[in-house]
Amino acid sequence: MRRSPGGIVVAALVLAATAVVVASGPNLAAAAPAEPYTWKNVRIDGGGFVPGVVFNPGEKDLIYARTDIGGAYRWSQSTQSWTPLLDWVGQDDWGHNGVLSIAADPVDTARVYAAVGMYTNSWDPSNGAILRSTDKGNTWSRTMLPFKVGGNMPGRGMGERLAVDPRNNRNVYFAAEGGNGLWRSTDYGATWGKVANFPNVGNYVADPADPNGYLNQNQGLTWVTLDPASPAVYVGVADKENPVYRSLDSGVTWERVAGQPTGYLAHKGVIQGKYLFIATSDTGGPYDGAAGQVARLDTTTGVWTDISPTPVADRYYGYSGLTVDAKKPGTLMVATQISWWPDAIFFRSTDYGATWTRAWDWNGYPSRTKRYTMDISANPWLDFNSTAQAPEESPKLGWMNESLAIDPFDSNRLLYGTGATLYGTTNLTNWDSNTTFTIKPMAKGIEETAVQDLASPPTGAPLVSALYDVGGFHHADLDTVQANFHDTPALGSNTGLDFAELSPSFFVRVGNADAAPHIGVSNDGGKSWYQGQEPSGVTGGGTVAVGADANAVVWSPVGVGVHYSTTRGSTWSASTGIPAGAKVESDRVNPKTFYGYAAGKFYTSTDGGATFTASTAAMPTEGRVNLKAVPGVAGEVWLAGKTGLLRSTNSGQSFTTVGGGVSESVNVAFGKAAPGATRPAVFLVGTVDGVDGVFRSDNSGAYWVRINDDKHQYGNAGDALAGDPRVYGRVYLGTNGRGILYADRLGGPTTPTPSVSASSAGPSPSASVSTSVSPSASVQPSISVQPSTSVQPSNSPSTSTGCSATYKVTGQWTGGFQGEVTVKNNGTAATTGWKVGWTYTAGQTVNQAWGGTATQSGSAVSVVNAGYNGALSSGASTTFGFLGSSTGTTNPVPSPITCSTTP
């Protein structure tokens with residue numbers, strides 16, 4: 001393990017009664033010390049496919065949900081939300097956040113199992129595993145499998161592939177994909193062996209000729225169902241001529257079930273009493289399926305009956321989601337696998353499938369009558385920003401409805417997953433009395449978006465995101481689900497965005513829409529957008545960079561080479577000297593300077609993106625590479641890559657290696673400087689002293705503290721990363737399937753912002769994160785860091801009646817600087833507003849301010865509070881910041897600084 005020279009020096013700063021630990025010196029310890037942080041999701045609720053919902057039949061309200069790339073969750077009845085269970089999965093085993101199946105033990109209800117692994121092709125380098133827990137998923141043990149598991153592969157909605165034997169719960173079955181057959185454990189999942197005499201490993205392949213290796217896998221075995229009243233075990237097989245097998249002697253011998261329907265794949269198999277019900281489709285899904293049937297086996301007579309709700313000739317969908325009501329024998333429901341138009345259809349029978357009713361019916365085209373209403377007020381973006389025309393509606397009832405489950409303890413509760421969220425109802429039996437039941441999103445706590453880019457501007461919303469599938473959001477409040485995702489244009493999956501550092505209301509974002517447009521432009525901080533123009537030949541979003549003053553944009557789209565615009569995206573010209581596909585970034589001070597990286601080379605433009613020149617500096621040539629320029633410092637750019645962390649202070653002409661024990665990095669970002677510091681805080685996703693994690697440095701990378709822990713690793717995370725310029729210590733972390741996380745020092749933010757709710761000013765540890773680290777994970781001890789140095793503000797405040805103001809320079813470069821003023825209420829009564837003033841003596845001018853409205857007349861500057869920070873209780877403080885220009889070689893701090901509580 002790498003060790004860093006030197007000793008530990010830590011400064012303690014007190015600001016607004018909050019202790020701040022500042023990392024300011026090299027580290028002697030074997031690993032970077034930890035600083036306690038709280039981690040919470042930026043609320044979106046859902047945002048991806050929920051292929052499985054599992055009620056434990058042995059314990060009321062014990063419910064699990066699985067996602068294809070975002071881990072597993074457990075329901076909390078008291079909070080009506082979901083608790084993530086696999087956040088301990090880290091960079092090395094990121095594929096374990098793909099959950100192919102979950103099994104809940106109905107006998108010992110604290111036991112739960114998960115089959116994990118994301119891809120069975122080369123995209124995931126690791127084999128799959130079976131996870132087992134004896135405390136409802138709070139902690140896990142892991143048994144690796146000798147093959148891969150595909151939680152995000154075709155056919156992932158079929159199942160459940162894991163099942164616990166209710167007659168002997170030591171026995172657990174796993175129906176594997178990829179021709180790997182049936183596996184069984186006889187010791188609660190600790191060890192596994194292949195059932196050698198199981199006769200069929202499956203043969204269905206979605207597309208044998210797929211060159212990407214994604215669609216050409218044998219989808220193998222599809223589900224296991226055990227009869228609680230007999231030793232019978234039923235197994236689904238991805239073989240259209242032989243879809244169902246069984247054992248009548250607890251798995252000793254196996255047979256193809258005689259008389260079974262053929263021509264389709266059995267997605268689900270459910271036992272109720274003497275009947276086995278199956279739902280079938282002509283493909284493995286989850287995106288397709290044009291035909292299928294529902295069938296019933298009388299296990300006492302061996303007779304199969306076609307109980308399909310709709311004749312084959314009249315339907316254009318297969319069936320998938322299938323569930324029975326444990327409290328009402330004969331009651332079952334089934335969902336269409338794919339009925340894109342006009343909507344999904346749910347069918348319900350109360351007589352074992354002899355007759356059916358529909359969730360909606362035609363009432364003279366294009367009108368429909370519905371047995372349900374949909375209330376999406378908790379997650380209003382689920383209307384997908386659309387007002388559909390009949391017969392379609394917004395929101396839709398659903399699509400990709402592989403998971404459909406009636407609560408075994410409550411006939412009124414139904415949960416089902418879609419491609420975007422998890423819905424539910426608590427008055428389902430109204431269906432049977434011909435009264436309306438209400439469907440609502442029930443996805444609070446489930447966050448499974450794939451995050452591509454994040455931006456935290458110095459003014460406006462604290463965060464703007466670019467996401468796959470649902471595009472991204474203007475997050476005006478981090479703890480509130482926003483009403484709409486990016487639209488007009490939508491751009492499909494968004495791949496990148498950027499804002500002008502010195503004019504942060506101007507944003508550009510790009511995305512992977514199937515056809516033009518691929519670019520959107522905003523003049524109000526990413527809240528509303530209009531369509532930009534684009535070069536001919538663009539097929540995808542790529543990356544985009546906006547010049548510091550908003551007068552130049554550089555875009556590296558898919559399909560054509562790098563282009564630049566000096567007209568805010570209305571016209572484009574080809575850049576020269578930089579290859580197609582390069583990642584691009586803008587200098588955050590010099591409006592003409594842009595940077596790029598491609599194939600082991602670094603590029604710089606000093607003419608607004610028209611021409612680029614390659615640097616001779618050595619760069620990483622493989623792996624994940626991300627580059628960021630430093631706000632407030634012209635010419636400073638950092639590059640994170642497999643070989644470590646690099647820093648340039650001369651616009652990329654040369655780079656030095658950042659020390660502090662960094663051996664490998666994924667991404668780097670910059671946030672508000674620590675109190676008393678002049679350099680911005682640096683955030684790193686990478687490896688420091690041999691430990692993978694998220695780190696912060698307050699002295700430009702000389703020393704790091706780890707700000708996550710082994711319980712909060714979030715799998716394949718970090719390709720999107722942003723520091724908050726207004727809240728010291730806050731960082732935004734993008735993940736590939738666990739949404740957006742934001743992290744604050746345990747004491748909470750030191751600076752309130754208008755767009756963060758008051759409750760976030762002092763967050764407590766998130767109740768939604770309760771997972772313990774897997775026993776196989778490496779747990780690093782926390783190192784207690786004691787303050788040893790008291791750091792005072794850069795100058796003494798000047799005061800007047802009621803309030804005081806302290807001015808400091810936080811960053812400086814040739815011709816410009818950044819400043820910050822702290823305003824404190826010294827009186828006994830709360831203020832309703834304030835006004836700060838000073839006079840410059842060296843020709844300085846204020847160009848832009850945030851947190852207050854600045855005016856300058858000659859050398860005199862006055863700043864009046866913003867709408868959100870004028871009210872200060874006794875002893876409370878706030879800050880405002882500004883960018884300024886300077887002349888000559890000096891930039892003296894003005895004195896006195898006046899402060900008045902009468903604006």
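Thresholds applied
- Residues numbered from 1 in each chain as written.
- Predicted model: local features only at pLDDT ≥ 70, side-chain atom pairs only at ≥ 80, totals over all residues.
- Heavy atoms only, no water.
- Pairing = 2+ DSSP bridges.
- Helix = DSSP H or I, 4+ residues; strand = E, 2+ residues; numbered from the N terminus.
- Core = buried A, V, L, I, M, F, W, Y, C linked by side-chain atoms within 4.5 Å.
- Buried < 20%, exposed > 50% of the residue type's maximum accessible area, 1.4 Å probe, protein only.
- Contact = heavy atoms within 4.5 Å.
- Disulfide = S-S within 2.5 Å.
- Polar contact = N/O pair within 3.5 Å; in protein donor to acceptor, adjacent residues only side chain to side chain.
- pLDDT = per-residue confidence, 0-100.
- Patch = residues over 30% accessible without salt bridge, like charges linked within 9 Å, V, L, I, M, F, W, Y side chains within 5 Å.
- Areas by Shrake-Rupley, 256 points an atom, 1.4 Å probe, with all protein chains shown as cover.
- Salt bridge = Lys/Arg side-chain N within 4 Å of Asp/Glu carboxyl O.
- Axes fitted to C-alpha atoms, helices over the stretch in contact; angles between N-to-C directions.

(A) Expanded view of the sheet that holds strand β15 (residues 193-194). A sheet is described by the order of its strands in space; here four strands give the open sequence β12-β13-β14-β15, paired in antiparallel fashion. The outermost strands of the open sheet, each flanked by one partner alone, are β12 (162-164) and β15. Both strand β13 (residues 172-175) and strand β14 (residues 182-185) contribute to a ladder of four bridges, which runs antiparallel. The residue bridging F174 from the neighbouring strand is W183, located in β14.

(B) Here's a closer look at unusual backbone geometry. In the segment running from G285 into P286, the intervening peptide bond is cis, with an omega of 5°. Within the fold, P286 resides in the loop between β21 (275-281) and β22 (294-298). Backbone torsion omega between S394 and P395 reads 5°, so that peptide bond is classified as cis. The backbone of F384 shows a phi angle near 55°, a positive value even though the residue is not glycine.

(C) Representation of the nonpolar core. Core analysis: the largest hydrophobic core is formed by 55 residues, its most contacted members being F346 and W381. With four residues, strand β25 (residues 332-336) is the single largest residue contributor to this core. Not counting residues within four places of it along the chain, the set of residues in contact with F346 comprises M333, V334, A335, T357, R358, A359, L397, N401, L404, Y416 and W431. The next biggest cluster of nonpolar side chains, apart from the first, holds 22 residues, and it includes F683, Y714, L733 and L741.

(D) Fine view of the state of the cysteines. For the coordinates displayed, the defined rule picks out one disulfide. The disulfide partner of C803 is C899, and the gap between their sulfur atoms is 2.1 Å. Residues C803 and C899 are joined through a disulfide that is left-handed, its torsion about the S-S bond being -115°. Remark: C899 occurs in strand β70 (residues 898-900) and C803 occurs in strand β63 (residues 803-813); sequence separation between them is 96 residues. One exposure class covers both C803 and C899, and it is buried.

(E) Focus on the environment of K601. Within the secondary structure, K601 sits in strand β48 (residues 601-605). On the basis of relative accessible area, K601 is assigned to the partly exposed category, the value being 41%. Sequence separation between K601 and N97 is 504 residues, and the spatial gap between their C-alpha atoms is 33 Å. Excluding its chain neighbours within four sequence positions, the residues that come into contact with K601 are G596 and M619.

(F) View of the side chain of S339. With respect to the secondary-structure elements, S339 resides in the loop between β25 and β26 (346-349). Residue class for S339 comes out buried when judged on its relative accessible area of 2%. Within the structure, S339 has its side chain in polar contact with the side chain of Y316 (distance 3.3 Å).

(G) Structural context of the confidence of the model for the protein. Per-residue pLDDT for the protein has a mean of 90; in total, 91% of the residues score no lower than 70. Below pLDDT 50 for its whole length, residues 750-800 participates in 127 contacts with residues either more than four positions away or in separate chains.

(H) Up close: a nonpolar patch on the surface. Side chains of Y316, W340, W341, W362 and Y365 sit close together on the surface and give an oily, nonpolar patch of about 590 Å² of accessible area. When you line up the elements, Y365 lands in the loop between β28 (360-362) and β29 (368-370). For Y365, a relative accessible area of 57% puts it in the exposed group.

(I) A look at the pairing of strand β69 (residues 877-885). The element β69 is largely enclosed, with a buried count of eight among its nine residues. Summarising the sheet, strand β64 (residues 816-825) and β69 pair through nine bridges and their orientation is antiparallel. In the strand pairing of β69, G819 is matched with F882. Examined bridge by bridge, strand β66 (residues 845-850) and β69 share five bridges and lie antiparallel to one another. By the bridge assignment, A849 is partnered in β69 with F882.

(J) Seen up close, the sheet that holds strand β10 (residues 129-133). Across the sheet, which stays open at both edges, the four strands sit in the order β8-β9-β10-β11 with antiparallel pairing between neighbours. Edge positions in the sheet fall to β8 (99-104) and β11 (141-144), since each has one partner strand and no second. Strand-to-strand, the axes of this sheet are offset by a mean angle of 20°, without reference to chain direction. Two strands pair when backbone bridges link them, and β10 and β11 are joined in this way by four bridges, in the antiparallel orientation. From the neighbouring strand, I130 faces β11, where its bridge partner is T143.

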